[in-house]
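# Inside the fold
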Amino acid sequence: MTDAETVTYAELTRRVEARSAQLGTSRRLVLITAGNAIEPIVTYLAAVEGGHPVLFVPDGPAHARHRAALIERFDPDVVAGGRDAGWQVAVRHTAPRHRFHPDLAMLASTSGSTGSPKLVRLSFENLRSNAVAIADYLGLERRDRAATTLPLQYCYGLSVVNSHLARGASLLLTERSVADEEFWADMIRWRATSFAGVPYTFELLEAAGFEHRDLPELRTITQAGGRLAPDLVRRYAALGASRGFELFVMYGQTEATARMAYLPPRLAGTAAGAIGQAIPGGSLRVEDAGAGVGELVYSGPNVMMGYAHEPADFALGRTVRELRTGDLARQRDDGLFEVVGRMNRFAKVYGLRVDLDELERQLQDAGYPARVVTVDERLLVFVPSERLVTDAASTAAAVLDIPPHAVEGFAVAEFPRTASGKPDTAALIRFAHEVRAAAPDEDASADGIRTLYARLLGRPGATVDDSFAALGGDSLSYVEVSVRLEDLLGALPRDWPELSPRQLGAQARPEGGDVPAAASRPARRVGSRRFARLDTSVALRAIAIVLIVGSHADLFVAQGGAHLLLAAFGFNLARFQLSGRPGRRSTGLLRSVAQFAIPAVVWIGAVAMISGSYRLTTVFLLNGFLPGDGRWHAQWDFWFLELAVWSMLGLAALCAVRRVDRLERAHPFGFALALLGVALVVRFAVTGVEAGLVERYTLPAALWLIALGWAGARATRWQQRLMLSVVTVGATFGFLGNPAREAVIAVGILVLLWLPAVTLPRMLVPAVTALAGASMFIYLTHWQVFPAWEKTVPLVGTLLSLLVGIVVWRLYRVTERTVLRRVPTARRATRLARHTGRLRPTPRRRPESPAGSPAHRGQVRAW
């Protein structure tokens, strides 16, 4: 299926037969430009049907030099290319120029975009067996329909075509990116059931808001082309469990036709980071080089015949019996395999398999003497002069056709060598780490943001793919982190807590910028000298706590701040604890309960022991569950903390119910709106329109404010915010029987709904952020500070209450970070001990899979 037409299998067969007649009966080398369209596939199938070896090359003017190099070196007999009606099959040689081995079906480039003149020789059996194996473990059926998100010259992209044809399934032929809205419209229109992606695809999915899309027909997402961060594997696997699709993480190389291993979806949550098990008919083993780590070796019917360095090699038979992958791997205790590094000079960068030696030669030809290495799929380019850094890094990105920010440039005095005279790659990597360490800790790059998260959240193990919410960030740490990010990046997107440092860093880069991250680090953004933007919820928290303390100290009368804080509390709950990964929400909520309850119980308990002013029920935040006499007294001082703690415990229990958790993820705003409706029904049933003097501070009467804040965070369209604005006004006025107090609450919530950020004089930002960050601790401690000054100098009582709360908050944060640092440090020490052999695990070998049964020469109709 394409945008223009639908092609049935009968029509496809007719077209293939017609194209076969064009290609002739004598075996020819057929070069095909690989667009995701019907004509390249028809030509490919016709060539395979007629026994003509196929060579796919990338389409488009950007790859013209690569195509020309392959044509010049391997001299194809037929060149097929063009667009739609302009598709042409040009016969260059009437008499075939080459001799072919009877089994040779395809020649595939294996070096990404570097143009290294070496091809992989694949047989008919290679193509057939790998297509059948993939179809088997994916469970493909005739009803399946895959969108072609990857190019055909990429072995992964071609494997999608082959495996679906092997099962009589269908294809949605498209060249649109997953970042395009039209792509998703096509997915829905044509009822596509799957798509494939490399790691960069998942970055685009994050930016395109994939998790909020409604794709009822989606059944499978496959991933290969490089290592996907374990955190993303778990996240998408869990998202699939809630939405009805499965994530298959796969591993392969062109030399194995496409796939060698896959991770069963049921294991994605517990074995993220592993490549899984061998595909049906294949087997994996690790040639142990010590400590259970060695080269990964694959055997199976899809292992290539060998390489072709020149046309004479087309006549060769099989020269390879098993594939030495060049990857360092280990076999885990559960029998799954895990890749831990590379042995040679091939590496994956943005889904491309890159020959680093060839890239160095191309940079040398361009006038840049360079050494290139890779770390975590990022390309590091080292040159002997500072003035060459930017141009060399940009050239490398252009040669590989990858985003410039995937390349980092460094200047070195000389290229280091080992004692044996070989290039010292490890020394270059150490140098890069030293340069990064010497750079400012905080900048607008992904690593700078990660460093900020690690320090402010006490998470030394944080990675560039861990969002604020995923790291357990909450309303207590939100203020400090958001302000520091505003200073680095400028205005933050509303959903920044759910975005990873990698995504935030990408958004911080100016459009069209092509300066690599390390070659030219973004300057620290300071904005206006006089004004700064601040998240609205931060400003409201500061205003609310000042209103609370000032009113209690009789400095002024402006009540309503505490109930406004409840709405802000619900708003932040939805942004942080309820945006975590599936299966982690309850844990995150319980962690936040501890953040509130532990300091509260300690402080109130200490005050109770010294003064005797609080009962045990108040110390343990249980006062709201006791029958009362309807009068206000000191035991109600901490009603706000009680509501916060018990509402989070209730939400944790709710999120622990898997169906409820899935429902909320599938319909975030609708779920929040329904909860708000239930909370309002409970409120009116318990209190009527106006709540009593004490019952207004109980959970049944005030829960609707938390639900309203939650719904506000989930509102993404103006119509939704307008609906909540009407509810805010209707539900607030009359609630307390005090129009001025109710106006404070209503106006604050409306500002929260409609104004993502406010502009303040820069000189006020430190004070506002300190008040907002310490708001809970100010509320907790002010009851013991202001009474001494209430009758005499209320201004002093107010200021001292704010100051004491800020000091206690700072002390708590320092203590918390100190404790958190010790846990990861102990874990790193344990991992180090394993690597050095002190705690060396004993690997358990899996029995090898039985070899696949012999199969006949694979033709299209046999598939």
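Our structure is the block above this text.
Residues numbered from 1 in each chain as written. Predicted model: local features only at pLDDT ≥ 70, side-chain atom pairs only at ≥ 80, totals over all residues. Heavy atoms only, no water.

### Notes on the packing of helix H15 (residues 536–552) against helix H16 (residues 561–575)
For clarity, the cut-off: Angular values range over 0 to 180 degrees, each being the angle between N-to-C directions of two axes fitted as lines to C-alpha atoms, with helices fitted over their stretch in contact. Helical segments are the DSSP runs of H or I of at least four residues, strand segments are the runs of E of at least two, and each set is numbered from the N terminus. For classification purposes, an angle smaller than 35 degrees is called roughly parallel, one larger than 145 roughly antiparallel, one from 65 to 115 roughly perpendicular, and anything else oblique. By definition, any crossing whose near helix is turned counterclockwise from its far helix by less than a right angle is left-handed, and any crossing with a clockwise turn is right-handed. In what follows, a contact means two residues having at least one pair of non-hydrogen atoms within 4.5 Å.
Where H15 contacts H16, the axes come no closer than 9 Å and their chain directions differ by 155°. Judged on the interaxial angle alone, H16 and H15 are roughly antiparallel. Where H15 crosses over H16, the two elements pack in a sense that is left-handed. Two secondary-structure elements touch here, H15 through Ser537, Leu540, Arg541, Ala544 and Ile548 and H16 through Gly561, Ala562, Leu564, Leu565, Ala568, Phe571, Asn572 and Arg575.

### Let's talk about the sheet that holds strand E12 (residues 261–263)
In plain terms, the rule: Any two strands with at least two DSSP bridges between them are considered paired.
A sheet is described by the order of its strands in space; here seven strands give the open sequence E8-E7-E9-E10-E11-E12-E13, paired in mixed fashion. Where the open sheet ends on each side, the last strands, each with one partner, are strand E8 (170–172) and strand E13 (277–278). As judged from the four bridges shared by strand E10 (residues 220–223) and strand E11 (residues 246–251), these two strands associate in the parallel manner. In the sheet register, Ile221 faces E11, and the bridge partner there is Leu247.

### Quick notes on the pairing of strand E5 (residues 104–109)
The test is simple: The classification of residues rests on relative accessible area computed with a 1.4 Å probe and restricted to protein chains. Under 20% of the type maximum is buried, over 50% is exposed, and intermediate values are partly exposed.
Burial analysis of E5 places six of its six residues in the buried class, which makes it a mostly covered element. Two elements, E5 and strand E6 (residues 119–123), share five bridges in a ladder whose sense is antiparallel. Looking at the pairing, Leu104 lines up with Ser123 of E6.

### A short note on the sheet that holds strand E23 (residues 407–411)
Strand order across the open sheet formed by three strands is E21-E22-E23, with mixed pairing between neighbours. What marks the edges here is a single partner per strand, and that holds for strand E21 (371–375) and E23. The mean angle between the axes of side-by-side strands here comes to 25°, regardless of whether they run parallel or antiparallel. Contacts from helix H9 (residues 356–365) reach E21 and strand E22 (378–383) within the one sheet, and its direction differs from that of E21 by about 140°.

### A short note on unusual backbone geometry
For Asp554, which is not glycine, the phi dihedral falls at a positive 65°. As for its position among the elements, Asp554 is in the loop between H15 and H16. On the basis of relative accessible area, Asp554 is assigned to the partly exposed category, the value being 43%.

### Here we look at helix H10 (residues 389–400)
An α-helix turns once per 3.6 residues; consequently, residues spaced three or four apart project the same way. Short version of the rule: How far a helix is expected to stretch is found by multiplying one less than its residue total by 1.5 Å.
The first and last C-alpha atoms of H10 sit 17 Å apart over twelve residues, in line with the 16 Å expected at 1.5 Å per residue. Those residues of H10 that fall on the buried side of the exposure criterion are Val389, Ala392, Ala393, Thr395, Ala396, Ala397, Val399 and Leu400. A positive backbone phi angle near 60° is found at Asp401, which sits one or two residues after H10.

### What to know about the packing of helix H22 (residues 699–714) against helix H23 (residues 718–732)
Rule in force here: Gly falls in the polar group here, along with every residue not listed as nonpolar (Ala, Val, Leu, Ile, Met, Phe, Trp, Tyr, Cys, Pro) or charged (Asp, Glu, Lys, Arg).
Contact pair H22 / H23: the axes reach a minimum separation of 10 Å and the direction vectors enclose 165°. Viewed along their axes, H22 and H23 adopt a mutual orientation that is roughly antiparallel. Our pair here, H22 against H23, has a crossing hand that is left-handed. In this structure, H22 uses Trp704, Leu708, Ala711, Gly712 and Arg714 to contact H23, whose residues at the interface are Gln720, Leu724, Thr728, Ala731 and Thr732. Residues of the contact of H22 with H23, tallied by class, amount to five nonpolar, four polar and one charged.

### Comments concerning the pattern of salt bridges
Any two side chains of opposite charge can pair, so long as their charged atoms come close to each other. The test is simple: A carboxyl oxygen of Asp or Glu within 4 Å of a side-chain nitrogen of Lys or Arg is what we treat as a salt bridge.
Under the counting rule described, the total for this entry stands at 22 salt bridges. Between Arg502 and Glu203 there is a salt bridge whose closest N-O contact spans 3.9 Å. Here Arg502 is found in helix H14 (residues 501–508), whereas its partner Glu203 is found in helix H7 (residues 199–207), with 299 residues between them in sequence. The class of Arg502 is partly exposed, set by a relative accessible area of 26%. Across the pair Asp334 and Arg332 runs a salt bridge, and its minimum N-O distance is 2.7 Å. Among the residues examined, Asp334 registers a relative accessible area of 42% and is labelled partly exposed.

### Let's talk about the packing of aromatic side chains
Short version of the rule: Classification of ring pairs rests on two measures: the distance between centres of Phe, Tyr or Trp rings, Trp counted by its six-membered ring, which must be within 6.5 Å, and the angle between planes, read as stacked under 30 degrees, edge-to-face over 60 and tilted in between. Two conditions define a charge located above a ring, namely a distance within 6 Å from the ring centre to NZ of Lys or CZ of Arg, and an angle within 35 degrees of the ring normal.
Scanning the model with the defined rule gives 28 aromatic pairs in all. Consider the rings of Phe100 and Phe314, whose centres lie 5.9 Å apart with planes at 15°: the pair is stacked. Taken as a pair, Phe100 in the loop between strand E4 (88–91) and E5 and Phe314 in the loop between strand E16 (306–308) and strand E17 (323–331) lie far apart in primary sequence, 214 residues in all. Note on accessibility: Phe100 and Phe314 belong to one class, buried. Both rings, one in Phe640 and one in Tyr779, keep their centres 5.5 Å apart while their planes meet at 55°; by these two values the pair is tilted. Of this pair, Phe640 sits in helix H19 (residues 639–655) while Tyr779 sits in helix H26 (residues 775–781), and the two are 139 residues apart along the sequence. The burial state of Phe640 is the same as that of Tyr779; both residues are buried. Aromatic ring contacts, followed pair by pair, group Phe183, Trp184, Phe195, Phe202, Phe210, Tyr236 and Phe245 into a single cluster. Over the face of the ring belonging to Tyr156 we find Arg259, whose NZ or CZ atom lies 5.0 Å from the ring centre. For Arg371, the ring lying beneath its charged end belongs to Phe415, and the centroid distance is 4.4 Å.

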